[in-house]
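Single-letter residue listing:
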Amino acid sequence: MVSSLSFCDDGTLWIASLLHGLARRSPSGAISYVDLPPGLGNAASAVACDPSDGSVWVGFEWGGFGRYDGGWWTVAAVSPPEFATHAPVRSIQIDRWASPRIVYIAHAASRNGLGGVTVYSGP
């Protein structure tokens, strides 16, 4: 049920799973699991390591996305369009050359509505 993989510059591999949530494989090979934010289930559908600071952007299967940084979650609180918080995330891409950072999040259509693309720009 692995849905996405992303390597960070330090050799850490992040693994998104629709069944097991989010896992981290250290360069030494040790695997640990990261709890997703409360109330979002345990289905991570996309993951991307941010080269600007090593934080990890995670898309959730039931909609929405968040950023995991040093043990802390920031979950997107997006106003319309509603797909940004209700449509499953299928891909996350980070523009490593942009300053400030730009993150592109692709959402699939679902029973909750049409899909689309969310663009985050900022710190």
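One structure accompanies this document, and this report is about it. Please read these numbers as outputs of a predicted model, since none were measured by experiment.

Focus on the state of the cysteines
Overall, the coordinates contain one disulfide when judged by the stated rule. With its sulfur 1.8 Å from that of its partner, C8 forms a disulfide with C49. Taking the torsion about the sulfur-sulfur bond, which here is approximately 105 degrees, the covalent link between C8 and C49 counts as right-handed. Residue C8 is found in the loop between β1 (2-7) and β2 (13-17), and its partner C49 is found in strand β5 (residues 44-49); the two are separated by 41 residues along the sequence. Each of the two residues, C8 as well as C49, counts as buried.

A look at the side chain of E61
Secondary-structure assignment places E61 in the loop between β6 (56-60) and β7 (65-69). On the basis of relative accessible area, E61 is assigned to the buried category, the value being 14%. In contact with E61, not counting residues within four places along its chain, are L18, A43, S45, P88 and R90.

Cut-offs used in this document
Residues numbered from 1 in each chain as written. Predicted model: local features only at pLDDT ≥ 70, side-chain atom pairs only at ≥ 80, totals over all residues. Heavy atoms only, no water. Disulfide = S-S within 2.5 Å. Helix = DSSP H or I, 4+ residues; strand = E, 2+ residues; numbered from the N terminus. Buried < 20%, exposed > 50% of the residue type's maximum accessible area, 1.4 Å probe, protein only. Contact = heavy atoms within 4.5 Å.

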